[in-house]
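Next come the chains, spelled out residue by residue.
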Amino acid sequence: MEFGARLKELRTRLNISQKELSEQTGLTLRTIQRIENNEVKPSLYSVKVLGEVLQADLSPFVKPSEAKPYEFNLTLKITDMNQFLHDLTVLFKTHWKTIFLIVLFIWLFTSYTDIKSGIMDGWNGK
């Protein structure tokens, strides 16, 4: 049995909708739909949180990766990019103050000599 089918079976047996599972795991509804339809392989994190919510060990249903540990798959689908942009938007919305302070600190640190010379010129009346 493939992972998506097993996930759907467990979810329906517990009478949990995809939306409820999404809310309980923190995964997006679209991600759960794509996993159940075997469109994507779930990440280890996704397997972990799904297993916790469904109270089942899902690790036997995850096929080991055929890629070598040092190989990377850089193929991105449009939906993956949309998810990435959504996550990036959420990150900026929730942590914009911290990001602003980090950027401001870096700018001040890199512009220190210019700022210092400007202050000294103003102090000396130049």
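Whatever comes next refers back to the structure up there.
Since this is a predicted model, take the numbers as computed values, not measurements.

So, how was this worked out
Residues numbered from 1 in each chain as written. Predicted model: local features only at pLDDT ≥ 70, side-chain atom pairs only at ≥ 80, totals over all residues. Heavy atoms only, no water. Phe/Tyr/Trp six-rings, centres within 6.5 Å; stacked < 30°, edge-to-face > 60°. Helix = DSSP H or I, 4+ residues; strand = E, 2+ residues; numbered from the N terminus. Buried < 20%, exposed > 50% of the residue type's maximum accessible area, 1.4 Å probe, protein only. Patch = residues over 30% accessible without salt bridge, like charges linked within 9 Å, V, L, I, M, F, W, Y side chains within 5 Å. Areas by Shrake-Rupley, 256 points an atom, 1.4 Å probe, with all protein chains shown as cover. Salt bridge = Lys/Arg side-chain N within 4 Å of Asp/Glu carboxyl O.

Caption draft 1: Representation of the packing of aromatic side chains in the model. The full count for this structure, using the stated rule, is 1 aromatic pair. Where Phe-105 meets Phe-109, the ring centres are 6.3 Å apart and the plane angle is 20°; that geometry is what we call stacked. On the criterion of helical spacing, the pair formed by Phe-105 and Phe-109 is a turn pair, its members being 4 residues apart in helix H5 (residues 78-110). For Phe-109, a relative accessible area of 62% puts it in the exposed group.

Caption draft 2: How the structure looks around a nonpolar patch on the surface. Judged by side-chain polarity, Trp-96, Phe-100, Leu-101, Leu-104, Trp-107, Leu-108, Ile-115, Ile-119 and Met-120 come together as a nonpolar surface patch covering roughly 900 Å² of accessible area. Mapped by element, the contributors of at least two residues to the nonpolar patch are H5 and helix H6 (112-123). Here the element with the most residues in the nonpolar patch is H5; it accounts for 6 residues. Checked against the element boundaries, Met-120 lands in helix H6.

All we've got here are geometric facts, nothing functional implied.
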